[in-house]
Amino acid sequence: MTLKVAETVHRDWTVLCIRGELDLLTSHAVRQSVHDAVAVGRHDVVLDLSEVQFCDSTGVGVLIAARRLMHSCGGRLRLILPSRGAEEGSHVNRVLAALGVRRLFDVYPDRLAAVDDEARPLPA
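None of the values given here were measured: they were computed from a predicted structure. (Residues numbered from 1 in each chain as written. Predicted model: local features only at pLDDT ≥ 70, side-chain atom pairs only at ≥ 80, totals over all residues. Heavy atoms only, no water.)

**Some thoughts on the overall build of the protein chain**
In terms of helices and strands, the protein chain carries 5 helices and 5 strands. Seen in sequence order, the protein chain has helices and strands lined up from the N terminus as β-β-α-β-α-β-α-α-β-α. Radius of gyration (C-alpha) of the protein chain: 13 Å, near the 14 Å computed for a compact globule of 124 residues. Its C-alpha atoms put the protein chain at 35 × 35 × 25 Å along the principal axes. The 124 residues of the protein chain split such that 45% are buried. Long-range contacts, defined as pairs at least 24 residues apart, comprise 69% of the intrachain contacts of the protein chain with a sequence gap of at least 6. When the accessible area of the protein chain is evaluated, it comes to approximately 6,600 Å², of which 51% is carbon and sulfur surface. (Helix = DSSP H or I, 4+ residues; strand = E, 2+ residues; numbered from the N terminus. Rg over C-alpha atoms; globule rule 2.2 N^0.38 Å. Buried < 20%, exposed > 50% of the residue type's maximum accessible area, 1.4 Å probe, protein only. Contact = heavy atoms within 4.5 Å. Areas by Shrake-Rupley, 256 points an atom, 1.4 Å probe, with all protein chains shown as cover.)

**Points about the pattern of salt bridges**
Overall, the coordinates contain 4 salt bridges when judged by the stated rule. Here Asp48 makes a salt bridge to Arg111, at a shortest N to O gap of 3.9 Å. Of this pair, Asp48 sits in strand E3 (residues 44-55) while Arg111 sits in helix H5 (residues 111-114), placing them 63 residues apart in sequence. You can call Asp48 buried: its relative accessible area is 11%. Its salt-bridge partner being Arg76, residue Asp117 comes within 3.1 Å of it at the nearest N-O pair. Taken as a pair, Asp117 in the segment after H5 and Arg76 in strand E4 (residues 76-80) lie far apart in primary sequence, 41 residues in all. Bridged by salt links that share partners, the residues Asp44, Arg76 and Asp117 form one connected network. (Salt bridge = Lys/Arg side-chain N within 4 Å of Asp/Glu carboxyl O.)

Have a look at this one:
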C-alpha cells in the first residue's frame, strides 16, 4: 500500500492528513512534509494518523524526529488518533504504547480538538 499526505491549514495549524502505511518505504514523505511546513514558518503541526493502517518502527522514528524538530523550533506537534483508537487501541496507538513512547505525544481524538488551543490531549 502507498502512503498519501494531504496538507491543509486551519488557523495557526498545519494539518497533515496521512493515509496508508507508515513504514520504511513511505515514511520519508511524512518527514519531508513536516520539514516543508517548518521551512515556510509553520511551527504548529498536526499529524492526522486516523487513516494509517500500519506503522513500523521507522514510522515511529519519524514521529519522534518530528516531535524533536517541532520542539527545537519552538513549535508544537499534535497527533490525531480517533477516540475509539485511544480507548480500544488503534494500530498506531498500540505501536506507540508498546514501544513506551505514547506518553511523548499530545494525542487528540479529531481535527477540531487538535486545532483547539483550549482542548486537552487524551490521557496516555
